[in-house]
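Spelled out, the chains give:
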Amino acid sequence: MAIRMTLQSVRSAIPVLLGAALFAMGLFALYHLLRPVDPADVAAQIRATPTPVLLAALGSTFVAYVALICYDWYGLRFIGKMLSPGVITVGGFLGYAFGNTIGVSVVSGGAVRYRIYSAAGLNAFEVAAVSGYIAMALGTGLTLVGIAALAIHPGVVAGYVPYAPGLVRLAAGVTVAVSVCIILWLSISQRRLRIRGFDLRMPPPGDLGGQLVVTLVDIVAAAFTLWVLLPMGKPDFSTFIAIYSAAIMVGVMSHVPGGIGVFETVVIGTLPPSVPVSDAAAALLLFRLIYYLVPFVLAFLLVALNEARLASGVGSRYLARIPGVQAALSTLHGFAPGVAAAVTFGFGAYLILVTMLPAARTDAIAEGDIAGALLLEGGTIGAAIAGVSLLIVSHGLVRRVSGAFWFAIFSLVAGAVALLLNDTDIENAALLCVGALTLLPFRTAFDRPGHLTEGVFEARWFAKVFGVGLVTAAFFFFVHKSVPYSTDLWSEFSQSSNTPRALRAGMAATALFFFFGLYLMTRPTRRTPPVAGDAQTLARAAGLSARADDPQAWLSQTGDKRFLFSDSGRAFIMYAVRGPSWIALGDPVGDPLEFETLAWSFVDQAAKANARPVFYEVSGRNLPLWVELGLSVNKMGEEAIVRLAEFSLSGSRFKSMRAAYNKRQRDGFDCTLLPAPHDPALLAELRAVSDAWLGSKTGHEKGFSVGQFEVGYLNRFDIAVVRKDDRIVAFANIMVSDGGRFVAVDLMRYLPDEASGLMEFMFLGLIEIFKARGAEEFSLGTAPLAGLSDRSVARSWNRFGRLIYRHGGAFYNFEGLRAFKQKFQPDWRPRYLVLPPNLSPVLALRDAALLIAGSVRGLTSK
């Protein structure tokens, strides 16, 4: 088991390691290209950029992002859904602004769209379809435009491919022509193209033409943003589009986030010699700032203003007049911690880079001024330590730890003070203070107590830190390349010792990271003892279960669960442990306002115990919560819910069921509901029925997700009994919640020789009883593996589960169970298995099955 878990961890880390390696290679190539460049020349070129040029770049960036938002509009049209323009604008802009800059975790473009579009009525699969459309449209459009540009200007890649420009033009032209013909044919005929198991369908011609215009506007505007920043000697704009498209294409294929290093290397390498490398580097830096950072800052300010609005209520009245926008903005609170963490991480990286720069005010310190030299030295090291602290604490912000938030504010202010001591750097110090002020409205999002280092740090976080270290090292060597290395540098202390000061700051930052990593690796594992299911705990859980909107909450009373309560005691999670898995049954129970903090606490405690958190058979009510926790959601079946107000045996719809029900009544069958507690003689008769039922089945008495025949447990519930000639032939205990609104059947047992049609008769009898009592919904239970997608683009778990559903009749009658419940024409509501993304659903289901059966023997033997 340990070996398998290790292999899974290695496999999940491979993409991260590969991305880090490609990033390092791109950074190395870029460093060699910039070796002859003087950093002062780059800074001077940036400062000398005319204001009209900057305004033109900002204007083209605005046009490019408007075009990007149109991708969302066409994606919604493609799936047949339309939302208000305000919602599409907010979802599209934030998705691209955060996704282009961060691109991972809870603030990726897909996660942002899911939160906003789901609040407007789309489900998870529809949002995934929109994201898939956008990815295909962007990738296909960018590739075709890039190849078309090479057909027009093949000379831009002459130095990179061993082919003549004429051959490049011919190959590119043929590729574009064939691709366009196939796309047009698929669009006009509306046929599907199957490639390696994937079905591809094109939008109709009108939408395809509109999408083409949007793609061209997007690429032309983005290319113009960089082109207008380049100095004199740059190629004409039509030629530069080929350079830009090729660079973007290579950057995407490298899988490096944002193509950082790779994109710059291709652009600089393909520009003509008439463009100085230092000027090209300045233009590329400005392009990154304008095209990526400016939209990110605007999006961050939008989230910050929304947090301030939620805290104060200011502006809500005006937003309510814009259809859908207020609901969309309200969802931003959910990923506010992720945004704050990304900004904090960025400030930390920026602080470390600033410490590598030479001090500008060394002449202001008199020779022999020991105090001034010490302040300068201390300011540099202090800024480096503050930067490292921000990198470390950013992980605590993702986990909503309140202490991490205030520590981040303190570190930003401390970094500002250190910069003032280091170089009287008023501009950067003011920037850090502004950052601290803009983070303050986020304080309500950090409501979880906990240690700053609580939880296990992900491979992605370490990869980001590794990337910051690489960039810092490359930046140091780039800025100080004119200083020859000597061991004396480490011990040189003076006001003009810029390189030694940067070396010592880097050493301090590295040492802090080293000791922090050592602490993480050597600290003892803490196993928090769970709350036992004693009588007092069961009573607390019962009180909350009675008010729950899911009768399954009553399974908390089976006696085989452990409990994790919220701090206030108004919500709980019931779970059990099987091997390395902590398996929670169903959604959290109680006050929905406490579910988020409670779920985080459950995940944290499982991580501290070196266990994996699994949520088994949860509903679709809390899907945004699981996404925010960074967990993977896998459909595992569908629950059959009968809406009692709409159900009636009269009419032609249930003609055959009505006939069978009436016949059973004429044959002497009767269904009655007996209130709890129950007479021992009755329970003894029910025991005989239960034993006969178990004797006809494979395996022992089950548990965890179903009740057992235990007197104390059954005495908590009303019991439905079916009698024939005063003899009990079947029974079931009934779980009722929320004042009788929701009803579900738990333990169902019957005499094997009376099995035919007996469960149908019992269900119809109970439906009549509870409909007369005013209940709203009656659950027939879950049909395992039902409703899983069998499309070729479905994830492998869905295809595997669908295969078992269709061909697993030798082990369990999956199709027969769903067909039986379908006779009642219920609403089918999905149930999910939620687990860490690096854990296979098959392994999680194995642990759950063993937990339910009690042992491997319980699965197969009597």
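Up top is the structure.
Structure report, in brief. (Residues numbered from 1 in each chain as written. Predicted model: local features only at pLDDT ≥ 70, side-chain atom pairs only at ≥ 80, totals over all residues. Heavy atoms only, no water.)

**Some points on the overall build of the protein**
Move 1: In terms of regular secondary structure, the protein is built from 30 helices and 14 strands.
Move 2: Taking the intrachain contacts of the protein between residues at least 6 apart in sequence as the baseline, contacts between residues at least 24 apart amount to 74%.
Move 3: Of the roughly 38700 Å² of accessible surface on the protein, a fraction of 65% belongs to carbon and sulfur atoms. (Helix = DSSP H or I, 4+ residues; strand = E, 2+ residues; numbered from the N terminus. Contact = heavy atoms within 4.5 Å. Areas by Shrake-Rupley, 256 points an atom, 1.4 Å probe, with all protein chains shown as cover.)

**Quick look at the nonpolar core**
Move 1: Formed by 123 residues in total, the largest nonpolar core has its most connected members in Phe442, Phe615 and Trp626.
Move 2: Element by element, the count of residues in this core is highest for helix H11 (residues 277-312), at 13 residues.
Move 3: In contact with tryptophan 626, not counting residues within four places along its chain, are Asp587, Pro588, Ala599, Phe615, Val618, Leu631, Val633 and Val834.
Move 4: Counting residues in each nonpolar core, the second largest holds 83 residues, with Leu585, Leu683, Ala730 and Leu764 among its members. (Core = buried A, V, L, I, M, F, W, Y, C linked by side-chain atoms within 4.5 Å. Buried < 20%, exposed > 50% of the residue type's maximum accessible area, 1.4 Å probe, protein only.)

**Examining the pattern of salt bridges**
Move 1: The full count for this structure, using the stated rule, is 20 salt bridges.
Move 2: Ionic pairing is found between aspartate 550 and arginine 831, a salt bridge with its closest N-O pair at 3.0 Å. Note that aspartate 550 is positioned in the loop between helix H20 (535-546) and strand E3 (562-565) and arginine 831 in strand E14 (residues 827-835), a separation of 281 residues in sequence. The pair formed by aspartate 550 and arginine 831 is uniform in burial state, with each residue classed as buried.
Move 3: Among the salt bridges present, the one from arginine 570 reaches aspartate 591, with a minimum N-O distance of 3.5 Å. Of the two residues, arginine 570 sits in the loop between E3 and strand E4 (571-578) while aspartate 591 sits in the loop between strand E6 (589-590) and helix H21 (595-608), which places them 21 residues apart along the sequence.
Move 4: Here the salt bridges do not stand alone but share partners, grouping Asp549, Asp550, Asp587, Arg621, Glu639 and Arg831 into one network. (Salt bridge = Lys/Arg side-chain N within 4 Å of Asp/Glu carboxyl O.)

**Thoughts on the packing of aromatic side chains**
Move 1: Inspection of the entire model under this criterion finds 36 aromatic pairs.
Move 2: With a centroid separation of 6.3 Å and 85 degrees between ring planes, the pair formed by tyrosine 244 and phenylalanine 287 is classed as edge-to-face. A residue pair is termed long-range when its members are at least 10 positions apart, and tyrosine 244 in helix H9 (residues 237-254) and phenylalanine 287 in helix H11 qualify at 43 residues.
Move 3: Given the relative accessible area of 4%, tyrosine 244 is considered buried.
Move 4: Aromatic pair phenylalanine 287 and tyrosine 291: ring centres 5.4 Å apart, planes at 15 degrees, arrangement stacked. Of this pair, phenylalanine 287 and tyrosine 291 both sit in helix H11, separated by 4 residues, roughly a single helical turn. (Phe/Tyr/Trp six-rings, centres within 6.5 Å; stacked < 30°, edge-to-face > 60°.)

**Overview of a nonpolar patch on the surface**
Move 1: Nonpolar side chains collect at one region of the surface, where Leu55, Leu58, Leu285, Leu289, Leu293, Val294, Val297, Leu298 and Leu301 lie side by side and expose about 700 Å² of accessible area between them.
Move 2: Sorting the residues of the nonpolar patch by element identifies helix H3 (51-78) and H11 as the ones contributing at least two each.
Move 3: Considering each element in turn, the nonpolar patch owes the most residues, 7 residues, to H11.
Move 4: Take valine 294: its relative accessible area is 33%, and that puts it in the partly exposed class. (Patch = residues over 30% accessible without salt bridge, like charges linked within 9 Å, V, L, I, M, F, W, Y side chains within 5 Å.)

**What about helix H29 (residues 841-853)?**
Each turn of an α-helix holds 3.6 residues, which means side chains three or four residues apart point in the same direction.
Move 1: Taking 1.5 Å per residue as the helical rise, H29 with its 13 residues ought to reach 18 Å, and the 18 Å between its terminal C-alpha atoms agrees with that figure.
Move 2: Regarding H29, the residues found buried are Pro841, Leu843, Ala844, Asp847, Ala848, Leu850, Leu851, Ile852 and Ala853.
Move 3: Two residues or fewer after H29 comes glycine 854, characterised by a positive phi angle close to 95 degrees. (Expected span 1.5 Å × (residues − 1).)

**Describing the side chain of serine 619**
Move 1: Along the chain, the position of serine 619 falls in the loop between strand E7 (612-618) and helix H22 (623-628).
Move 2: A polar contact is formed between the side chain of serine 619 and the side chain of aspartate 587, at a distance of 2.7 Å. (Polar contact = N/O pair within 3.5 Å; in protein donor to acceptor, adjacent residues only side chain to side chain.)

**Some thoughts on H3**
Move 1: The terminal C-alpha atoms of H3, which comprises 28 residues, lie 41 Å apart, in line with the 40 Å expected from a rise of 1.5 Å per residue.
Move 2: Following H3 by one or two positions, glycine 80 adopts a phi angle in the positive range, close to 80 degrees.

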